[in-house]
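Coordinate analysis (summary)
Each chain, written out:
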Amino acid sequence: MTIKTLLGTAALLAVTATGALAEGETVGFSQIGSESGWRAAETTLTRQQAEERGIQLQFSDAQQKQENQIAAIRSFIAQGVDAILLAPVVATGWDSVLQEAKEAEIPVVLLDRQVDSADDLYLTAVGSNLVHEGEVAGEWLANEVGDRECRIVELQGTTGSSPAIDRKTGFENAIKDHPNLTIVRSQTGDFTRALGKEVMESFLQAENGGKDICALYAHNDDMAVGAIQAIKEAGLKPGSDILVVSIDGVPDLFQAMAAGEANATVELTPNMAGPAFDALAAYWKDGTTPPKFIQTESKLYTQADDPAGEYERRKGLGY
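Small disclaimer: the values here were computed from a predicted structure and weren't measured.

On to the pattern of salt bridges. Taken as a whole and judged by the stated rule, the model has 23 salt bridges. Where D248 meets R167, a salt bridge forms, and the shortest distance between an N and an O atom there is 3.5 Å. Residue D248 is located in strand β9 (residues 243-248), and its partner R167 is located in helix α6 (residues 162-175); the two are separated by 81 residues in the primary sequence. Both residues of the pair, D248 and R167, belong to the buried class. For the salt bridge of K197 with E201, the shortest nitrogen-to-oxygen distance reads 2.7 Å. Of this pair, K197 and E201 both sit in helix α7 (residues 193-206), four residues apart, which is roughly one turn of that helix. One continuous salt-bridge network, built from bridges that share partners, spans E35, R39, E42, D112 and R113.

Structure follows, in structure tokens:
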């Protein structure tokens, strides 16, 4: 029997009858970085969930580089952690390091993003249906615009990441039967406000100062917030001259909605760690294998859904 197996057996015996994780369990968390307010909130809530459950959380900020995440996972394996949480920066290139974790008998739980690897290399994935998020955004815009012509500019997330791929797919699915809705420009803003603003400035310059743009679809709220600033600096009114729909549900976007400068957002809850730790608790308690995908709830919010109140309710979550 390996040392890791012995440690896992001890962990099983230490779990309480309620299924809660035992005091002293160690979990490594490889976080993408802090590219957005939503990401910061996810980190804050993961730390809070770990503290509440008596888990020792080993945290690593990858600064949006996959090589840093791979190095962190190998470090966690060497430390003999009891589990690993991974929010993967991109979808590909994980097979080798996930195989190493599997051989070390360390369960891996994916948070909020997927990987293009065999599903036996990780225990479960916690996240929303990213394609559905894009579909909800596209359906809202189609209903809002009706039959009038609408030229759309799109701010994509990090190239190669599952949210960028799936949110684009979902949005395109929703508008494909509406020939009056056309994506005329699409470029990555890397999920950041600064690049979202920069790319939106280029869109505005290329589209008659923005006068030829009907709507902006951003793959996350932070890029939308940056784009809103660019629209205002161009002398246009975001939310009316250019409709703004995005995804995440961060406080600053609700503030923009309250001011009439954004129109809709599709919420992505930052509490991925709660369901992840619940799945690990059951797995350690009696070997219960969770489903390969644990879906979190997403919801559409518009200017009619008390955005000022939503801002107040969310602003203390670490965004």
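So, on to the confidence of the model for the chain. Confidence in the prediction of the chain, expressed as mean pLDDT, is 92, and 93% of residues score 70 or more. Here residues 1-22 is a poorly scored stretch, pLDDT under 50, and it has 34 contacts once near neighbours within four places are set aside; other chains count.

Moving on, we come to the state of the cysteines. Note: disulfide means a covalent bond formed between the sulfur atoms of two cysteine side chains. Here the structure, examined in full by the defined rule, presents one disulfide. Note on cysteine connectivity: C150 is disulfide-linked to C214, with sulfurs 2.1 Å apart. Given an S-S torsion of about -90 degrees, the disulfide between C150 and C214 has left-handed geometry. Placement of the pair is C150 in strand β6 (residues 150-156) and C214 in the loop between α7 and β8 (215-218), with a sequence separation of 64 residues. Each member of the pair, C150 as well as C214, is classed as buried.

In this section: the packing of helix α8 (residues 221-233) against helix α9 (residues 251-258). Running from N to C, α8 and α9 cross one another at 45 degrees; their axes reach a closest spacing of 9 Å. One finds that α8 runs oblique with respect to α9. The two elements α8 and α9 meet at a crossing, and its hand is left-handed. Contact residues: D221, A224, V225 and I228 in α8; D252, L253 and A256 in α9. Across the contact of α8 with α9, the residue classes tally to five nonpolar, no polar and two charged.

For the rest of this paragraph, the subject is α9. Buried within α9 we find P251, L253, F254, A256 and M257. Looking at the packing, one finds that the buried side of α9 touches α8, β9, β10 (264-267), β12 (300-302) and α11 (307-314). Trailing α9 by a residue or two, G260 shows a phi angle of about 80 degrees, which is positive.

Right, let's talk about the sheet that holds β6 for a bit. The strands making up a sheet are joined through hydrogen bonds of the backbone, oriented either antiparallel or parallel. Sheet architecture is open: six strands sit in the order β7-β6-β8-β9-β10-β12, paired in mixed fashion. Strands at the two margins of the open sheet, each flanked by one partner only, are β7 (181-188) and β12. In this sheet, neighbouring strand axes are inclined to one another by 20 degrees on average, regardless of whether the strands run parallel or antiparallel. Both β8 and β9 contribute to a ladder of three bridges, which runs parallel.

Rules used in this analysis
- Residues numbered from 1 in each chain as written.
- Predicted model: local features only at pLDDT ≥ 70, side-chain atom pairs only at ≥ 80, totals over all residues.
- Heavy atoms only, no water.
- Salt bridge = Lys/Arg side-chain N within 4 Å of Asp/Glu carboxyl O.
- Helix = DSSP H or I, 4+ residues; strand = E, 2+ residues; numbered from the N terminus.
- Buried < 20%, exposed > 50% of the residue type's maximum accessible area, 1.4 Å probe, protein only.
- pLDDT = per-residue confidence, 0-100.
- Contact = heavy atoms within 4.5 Å.
- Disulfide = S-S within 2.5 Å.
- Axes fitted to C-alpha atoms, helices over the stretch in contact; angles between N-to-C directions.
- Parallel < 35°, antiparallel > 145°, perpendicular 65-115°, else oblique.
- Left-handed = near helix turned anticlockwise from the far one by under 90°.
- Nonpolar A, V, L, I, M, F, W, Y, C, P; charged D, E, K, R; others polar.
- Pairing = 2+ DSSP bridges.

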